[in-house]
Amino acid sequence: MGKGGEDLRDKHSETLKSDPFHAWAKDVRECEEKFNVSCERGLTTEEVLKRHHIYGLNELEKPEGTSIFKLILEQFNDTLVRILLAAAVISFVLAFVDGEEGGEMGITAFVEPLVIFLILIVNAVVGIWQETNAEKALEALKEIQSQQATVVRDGNRVSSLPAKELVPGDIVELRVGDKVPADMRVVALISSTLRVEQGSLTGESEAVSKTTKPVEENADIQGKKCMVFAGTTVVNGNCVCLVTDTGMSTEIGRVHSQIQEAAQHEEDTPLKKKLNEFGEALTMIIGLICALVWLINVKYFLSWEYVDGGWPRNFKFSFEKCTYYFEIAVALAVAAIPEGLPAVITTCLALGTRKMAQKNALVRKLPSVETLGCTTVICSDKTGTLTTNQMAVSKLVAMGARTGTLRSFSVQGTSFDPRDGKIEDWPAGGRMDANLQMIAKIAAICNDANVEQSDNQFVTRGMPTEAALKVLVEKMGFPEGSTNASSLADGDVLRCCRLWSELEQRIATLEFDRDRKSMGVMVDSSSGKKLLLVKGAVENVLERSTRIQLLDGSTPELDQYSRDLILQSLHDMSTSALRCLGFAYSDVPSDFATYDGSEDHPAHQQLLNPSNYSSIESNLTFVGFVGLRDPPRKEVRQAIADCRTAGIRVMVITGDNKSTAEAICREIGVFEADEDISSRSLTGKEFMDVGDQKNHLRQTGGLLFSRAEPKHKQEIVRLLKEDGEVVAMTGDGVNDAPALKLADIGVAMGISGTEVAKEASDMVLADDNFSTIVAAVGEGRSIYNNMKAFIRYMISSNIGEVASIFLTAALGIPEGMIPVQLLWVNLVTDGPPATALGFNPPDKDIMKKPPRRSDDSLITPWILFRYMVIGMYVGVATVGVFIIWYTHSSFMGIDLSQDGHSLVSYSQLANWGQCSSWEGFKVSPFTAGSQTFSFESNPCEYFHQGKIKASTLSLSVLVAIEMFNSLNALSEDGSLVTMPPWVNPWLLLAMAVSFGLHFVILYVPFLAQVFGIVPLNFNEWLLVLAVSLPVILIDEVLKFVGRLTSGYRYSTRTAKQKTE
């Protein structure tokens, strides 16, 4: 029999895992049978070992990390980076094959590939560092789990068992303050009540009462009143529970899985997508231009003859010329790629994060700054985000001077700080009448909560509703005139409550239970009387009351009119989503007249049985009631109005109940006060049953989803993203983490937020303030506009460089600029102005425009045309100044003959490759700075080594034009007349820095040798300025045309978007 019993248990343990068992829908006996356990004896050690083998440890899985090798490879999964890598490898090979080609000697030949490799290494290191710091949300979840548990095993009580050793079927005892170690079925209440704070998992704003009674099988997580969940906290009562799920099978384990799943679906930000598209287009353009350059110049390194009109024969190939034009192709690639762009974008985003940090928005992931700018929907949690997550009394109702009258007081304040707000129309100097004194006495003494001050914050111990009552007592003051201000001066937050406790000594507590819905305390009053003080649900307390206490302390009978008046007032407050608590008192029953709290007193036995409490709490005198709520933040209404102006829709997704959420949404402006919201306010379950969910989400105006579970939040975010919306999701609880991870922008609360939510987010609000998000969106829009400015600037500069090289190749003249010079311009010279454009002041109406579409082009066809024109001018100017130096002794009255160089005709310059066949060709030596260049032995070197002065002029013209072009980038269409350079003083400083860096490489001999340039004299600088300055005039004309045609272009784009 024993062996057969073991076999049965083995089989039973194995089937436990495979069979879904809805413990919340079964009674306690069925649960014991299913898990083959007795609540009195618990599991046997042998059974625990078997279940450990089946279920494993009660802990969350740690996913396998990405290998460092894979992380390194991922950093090169970018089109621009791949082009750069190819250019670096090719130029490295060319440096080996032909180190002296083009006048580059020794280290000079290797500068370009080394610099590109350095850029790639820095980029990869930064990327890997960000990756390894990004996935801490799952680790933070582990910190939420309980560390120890009290368990019954083999009939013995085991204290402090490591929680990870729990298995399904274990019997666990829970007490006040315990963190729940696993998902468990409540099987017995030791105290009369059990309340659990599970808001971080479910989003509920109040602690939830638990019971042993089963509920419906299809109940949502909030409706499972007989279950306690891992990671939640017991705030009131003791109980015995049966473990039903451990580790990854718990509700918090499911959240863990959802975070992992959401992390796998993370998408690139709109900016990264655009840059990748740009990179792909750039690859194609570079390929075409390189092929074109080779086709134009193929005659120089490959020639053939046609014999007798047949096939071409006698092919002649020049390897030297082939590598030369290959170098030009590499130079084209270097010119076309804005190497400095990644660094400038990172700098701009980093500066943006600093600005946001000053506004209490801490950005964890840099690209999130840009994504904020195109946010179209903010999905906000209610509890702790739109509200303070601190219960507060907002209304106090006391009895009037005569029967049938009530007095109502509005209570200000939204936190547990007694100084936060006051009671309106309160008696001056704390002169409270007898009725108000009794309310204060009951609220202070019939109360187990505490409020403490910690680092300028007020935190509660115990039930938030009871803590709110104690804060009310402090605002009411003490009859002798002590006020909350003096209480804080003495260092005691709850001084008035303490004074009441000294006057009324508590001798017994009648704990709250679900049946009578009230709590009572017996006190030994300083007046010599013993009183019973009661608080609870207004209807229940009123039902057991026979009298009321009026303003002067008299206690006439409670007539039907007064009862109806109180119930009507209660109804009005309840419809405003206030949670109401009533207060009453009576003399203690005659049996307790001599009771002093001793267990030996005959009446003490009555207190041991909670079923006696209703009869003890009878014939009460009703004194008044209060309305409490989790109040909305003061700034939220204006922030939501700002969102509406900015074209951003606000959706509230909360785990709280529907009526409370609707009342808050009306108050903060998500809905109008008298708006019909039947189609706009749904529970999570109702939304999942909607036929066309996307159509429901497309409604204009605000939407509300209450009683929402994590899966509902994720589904809403997923559907919105599929519909092309850019979604910002706010939240503070564990239940919000998967949706935070899935959203384009996950926004966590810094003060009230769990570590899980923070680690899953892209941005953390240091002040938990919804309005901070709106400010951050404005900052994000401003940053994006500035990024557009410097991206346009850098790309226009690159178009100019490509045009310059292409013209050089097309005209057949010597190469004007070598790759290392172009790399210097792209990385160093262009960098400071591009970064400074990130400091452009924001437009004043930035939050009055609708959000840009996430697929809007960075560069519109008109902007591309503008910069093609500018680029062509850059090409003509840089190549033109090269030709001018070789062919003209003066230009626009500027004398260029001072250095003594020889002039050649344009025809000679264009056919410089045939120089060796020219008879009698001679050139004079010329000076550059302290150097003299002589070509007696080989005059043809004049077009090779002798081009150094012309090349320096080309480079200087390129730098100067790009500096002046940065002024053009201050505004997309605004003239420099209306937006002068000094609106952004940082740009003027940056231009000075860039010119300074150019002077350094010109006039420091070692650097001049590395970059293949020479110093310029005054006249040559005049030539540079004369050729460069017209770029401002050309763009001013183009901007003027842009302003004239902007209406037409905008209407065309809008019509196109509508047809899409």
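You'll find the structure just up there.
Residues numbered from 1 in each chain as written. Predicted model: local features only at pLDDT ≥ 70, side-chain atom pairs only at ≥ 80, totals over all residues. Heavy atoms only, no water.

**Comments concerning the sheet that holds strand S8 (residues 233-236)**
Rule in force here: Strands were regarded as paired on the criterion that DSSP finds at least two bridges between them. Note on conventions: DSSP H or I runs of at least 4 residues are helices, E runs of at least 2 residues are strands, and numbering of each starts at the N terminus.
A sheet is described by the order of its strands in space; here three strands give the open sequence S6-S5-S8, paired in antiparallel fashion. One side of each edge strand has no neighbouring strand; the edge strands of this open sheet are strand S6 (208-209) and S8. Judged from the two bridges that link them, strand S5 (residues 195-197) and S6 form a sheet pairing that is antiparallel. Paired with Val 196 across the strands is Val 208, a residue of S6.

**Digging into a nonpolar patch on the surface**
For clarity, the threshold we go by: Patch criteria: residues need more than 30% relative accessible area and no salt bridge. Like-charged residues are merged within 9 Å; nonpolar side chains of Val, Leu, Ile, Met, Phe, Trp and Tyr are merged within 5 Å. What sets the accessible areas is the Shrake-Rupley method with a 1.4 Å probe; for residues, cover comes only from the shown protein chains. By definition, a salt bridge exists where a carboxyl oxygen of Asp or Glu is found within 4 Å of a side-chain nitrogen of Lys or Arg. Exposure is judged per residue with a 1.4 Å probe applied to protein chains only, and the accessible area is read against the type maximum: over 50% gives exposed, under 20% gives buried, and values in between give partly exposed.
Taken together, the side chains of Leu 1033, Val 1037, Phe 1040, Val 1041 and Leu 1044 make up a nonpolar region of the molecular surface, amounting to roughly 500 Å² of accessible area. Looking at Phe 1040, the relative accessible area reads 45%, which means it is partly exposed.

**With respect to the state of the cysteines**
Two cysteines form a disulfide when their sulfur atoms are joined by a covalent bond. Which entries qualify depends on this criterion: Note on disulfides: each one is a pair of cysteine sulfur atoms within 2.5 Å.
Summed over all chains, the structure comprises one disulfide. Between the sulfur atoms of Cys 915 and its disulfide partner Cys 940 the distance amounts to 2.0 Å. Between Cys 915 and Cys 940, the disulfide has an S-S torsion of -95° and is therefore left-handed. With Cys 915 in the loop between helix H34 (906-910) and strand S32 (926-928) and Cys 940 in the loop between strand S33 (931-933) and helix H35 (948-968), this residue pair connects regions lying 25 residues apart in the sequence. Judged by relative accessible area, which is 22%, Cys 940 ranks as partly exposed. Sulfur of Cys 239: no disulfide; nearest cysteine sulfur belongs to Cys 241 and is 3.5 Å away. We classify Cys 239 as buried; its relative accessible area is 0%.

**Concerning helix H16 (residues 464-476)**
We apply this condition: Residue count minus one, scaled by 1.5 Å, sets the expected span of a helix.
Over its 13 residues, H16 extends 18 Å from the first C-alpha to the last, a length consistent with the 18 Å expected when each residue adds 1.5 Å. Counted residue by residue, H16 has 13 buried out of 13 residues, so it is predominantly covered. Of the residues trailing H16, Gly 477 is marked for its positive phi of about 80°.

**Points about the packing of aromatic side chains**
The condition that has to hold: What counts as a ring pair is set by centres within 6.5 Å for rings of Phe, Tyr and Trp (its six-membered ring), and what kind of pair is set by the plane angle: stacked under 30 degrees, edge-to-face over 60, tilted for all other angles.
In the structure shown here, the tally under the stated rule is 22 aromatic pairs. An angle of 75° between the planes, with centres 5.3 Å apart, marks the rings of Tyr 886 and Tyr 942 as edge-to-face. In this pair, Tyr 886 is assigned in helix H33 (residues 861-887) and Tyr 942 in the loop between S33 and H35, connecting sequence segments 56 residues apart. Look at Phe 926 and Phe 933: their rings are 5.3 Å apart centre to centre, the planes differ by 25°, and that puts the pair in the stacked class. A relative accessible area of 0% places Phe 926 in the buried class. Note on Phe 933: relative accessible area 7%, which makes it buried. Among the aromatic residues, those joined into a ring-pair cluster are Phe 882, Trp 885, Tyr 886, Trp 918, Phe 921, Phe 926, Phe 933, Tyr 942 and Phe 943.

**Brief notes about helix H15 (residues 434-445)**
Spanning twelve residues, H15 covers 16 Å between terminal C-alpha atoms, matching the ideal 16 Å at 1.5 Å per step. For H15, a buried count of ten out of twelve residues is recorded, marking the element as mostly surrounded by other parts of the structure. Here H15 has its buried residues at Asn 435, Leu 436, Met 438, Ile 439, Ala 440, Lys 441, Ile 442, Ala 443, Ala 444 and Ile 445.

**Some remarks on the environment of Ala 950**
If you trace the backbone, Ala 950 turns up in helix H35. On the basis of relative accessible area, Ala 950 is assigned to the buried category, the value being 0%. For the pair Ala 950 and Val 1014, spaced 64 residues apart in the sequence, the C-alpha separation amounts to 9.6 Å.

**Side note on the side chain of Glu 1036**
Defined as follows: In this charge count, Lys and Arg are treated as positive and Asp and Glu as negative; neither His nor the chain ends contribute. Whether two residues are in contact is decided by their heavy atoms, any of which lying within 4.5 Å being enough.
Structurally, Glu 1036 can be placed in helix H39 (residues 1030-1059). Among buried charged residues, Glu 1036 stands out as having no salt bridge; its nearest opposite-charge side chain is Lys 1039, 4.3 Å away. Discounting chain neighbours no more than four positions away, the residues touching Glu 1036 are Ser 975 and Leu 976.

**Concerning the sheet that holds strand S13 (residues 377-380)**
Our working definition: Axis definition: a line fitted to C-alpha atoms, over the contacting stretch in the case of helices. Angles run 0 to 180 degrees between N-to-C directions.
Here eight strands make up an open sheet; going across it, the order is S12-S29-S28-S27-S13-S24-S26-S25 and the pairing mixed. Bordering the open sheet on either side are strand S12 (361-363) and strand S25 (681-683), each of which pairs with just one other strand. Averaged over all pairs of adjacent strands, the angle between strand axes in this sheet comes to 20°, irrespective of strand direction. Two elements, S13 and strand S27 (residues 727-731), share three bridges in a ladder whose sense is parallel. Residue pairing for S27: Val 377 is matched across the bridge by Val 727. Sitting on the sheet, helix H24 (residues 658-668) touches strand S24 (649-653), S25 and strand S26 (703-706), and the angle it makes with S26 is about 155°.

**What about the pattern of salt bridges?**
Per the stated rule, a full pass over the model turns up 29 salt bridges. Across the salt bridge formed by Arg 51 and Glu 47, the nearest N and O atoms sit 2.8 Å from each other. Here Arg 51 pairs with Glu 47, and both are found in helix H3 (residues 45-55), just four residues apart, close to one helical turn. A relative accessible area of 0% means that Arg 51 is categorised as buried. Lys 529 is paired through a salt bridge with Asp 587; the nearest N and O atoms lie 3.5 Å apart. Taken together, the positions of Lys 529 in the loop between strand S19 (518-525) and strand S20 (530-536) and Asp 587 in strand S22 (residues 579-587) put the pair 58 residues apart, joining distant regions of the chain. A relative accessible area of 45% means that Asp 587 is categorised as partly exposed. Residues participating in the shared-partner salt-bridge network are Lys 694, Glu 715, Arg 718 and Glu 722.

**Regarding the environment of Ala 766**
Within the fold, Ala 766 resides in the loop between strand S29 (763-765) and helix H30 (770-811). Relative accessible area serves as the criterion here: at 29%, Ala 766 is assigned to the partly exposed category. The spatial distance from the C-alpha of Ala 766 to the C-alpha of Ala 357 is 8.4 Å, given a sequence separation of 409 residues. Excluding its chain neighbours within four sequence positions, the residues that come into contact with Ala 766 are Asn 360, Leu 362 and Ile 751.

**Thoughts on the packing of H30 against H35**
Selection rule: Note on angle classes: values under 35 degrees are labelled roughly parallel, values over 145 roughly antiparallel, values of 65 to 115 roughly perpendicular, and the remainder oblique. By the definition used in this description, the sense in which the near helix is turned from the far one sets the handedness, with an anticlockwise turn below a right angle giving left-handed and a clockwise turn giving right-handed. Asp, Glu, Lys and Arg are counted as charged, while Ala, Val, Leu, Ile, Met, Phe, Trp, Tyr, Cys and Pro are counted as nonpolar; the rest, among them Gly, fall into the polar class.
Interhelical geometry of H30 versus H35 gives an angle of 150° and a closest axis separation of 10 Å. What the angle tells us is that H30 and H35 run roughly antiparallel. Handedness of the crossing formed by H30 with H35: right-handed. For the pair H30 and H35, contact is made by Tyr 793, Ser 796, Ser 797 and Glu 801 and by Leu 958, Glu 962, Met 963, Asn 965 and Ser 966, respectively. Among the residues forming the contact of H30 with H35, the class breakdown is three nonpolar, four polar and two charged.

Remember that the coordinates give geometry; whether it matters functionally is a separate question.
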